[in-house]
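Summary of the model geometry
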Amino acid sequence: MIVSKPIRVLRVVTTPECVRWHMGKTLELLSREFYIGVAGESVSNNKDQFENVIWYDVGISRNVHPINDFISLIKLCVVCYKFRPDIIHSIMP
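1. A word on the state of the cysteines
Under the criterion given, the structure shown has 0 disulfides. For the unlinked cysteine Cys 77, the closest cysteine sulfur is that of Cys 80, found at 6.4 Å. What makes Cys 77 partly exposed here is its relative accessible area of 44%.

See below:
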C-alpha cells in the first residue's frame, strides 16, 4: 500500500495584514488537507486565528534595500530548508 504524504504549501507575504484580508478563508480551507506555512513580516501575530498553520516571521521590506533584501532571501532559504515546501506561493510584490 502506498501512503502519500500531505502536500506542503508555503505562502509568502510582506505584511501581516495580508494574512487576514487576502488569505483568511484560503488558509482555513487549505489547512484541512495540506501542511500550510506562512512566512513574512510579523505573520505569527495571526497564529491564534489559524491553529493548523506554521508561522515563520521573516522581515521582508516592500522597498528596495539590496542588503536587507539579501538577508531576507537567506532567511527565506532557511525557512524553505526547515519546512520543505512542495509549493511556494507569494501574492505580494
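2. Quick notes on the side chain of Ser 31
Looking at the secondary structure, you find Ser 31 in the loop between α1 (17–30) and β2 (35–40). For Ser 31, a relative accessible area of 16% corresponds to the buried category. Within the structure, Ser 31 has its side chain in polar contact with the backbone oxygen of Leu 27 (distance 2.9 Å). A distance of 3.1 Å separates a polar atom in the side chain of Ser 31 from the backbone oxygen of Glu 28. Not counting residues up to four positions away in its chain, the partners in contact with Ser 31 are Ile 36, Asn 52 and Val 53.

3. Some points on the pairing of β2
Burial analysis of β2 places 5 of its 6 residues in the buried class, which makes it a mostly covered element. In terms of strand pairing, strand β1 (residues 8–12) meets β2 through 5 bridges, oriented parallel. Looking at β2, one finds that Leu 10 is bridged to Gly 37. In this fold, the crossover linking β1 to β2 by way of α1 has right-handed handedness. The pairing of β2 with strand β3 (residues 53–57) spans 5 bridges and is parallel. Across the sheet, residue Gly 37 finds its bridge partner in β3, namely Ile 54.

About the cut-offs
- Residues numbered from 1 in each chain as written.
- Predicted model: local features only at pLDDT ≥ 70, side-chain atom pairs only at ≥ 80, totals over all residues.
- Heavy atoms only, no water.
- Disulfide = S-S within 2.5 Å.
- Buried < 20%, exposed > 50% of the residue type's maximum accessible area, 1.4 Å probe, protein only.
- Helix = DSSP H or I, 4+ residues; strand = E, 2+ residues; numbered from the N terminus.
- Polar contact = N/O pair within 3.5 Å; in protein donor to acceptor, adjacent residues only side chain to side chain.
- Contact = heavy atoms within 4.5 Å.
- Pairing = 2+ DSSP bridges.
- Right-handed = clockwise from strand over helix to strand, strands pointing away.

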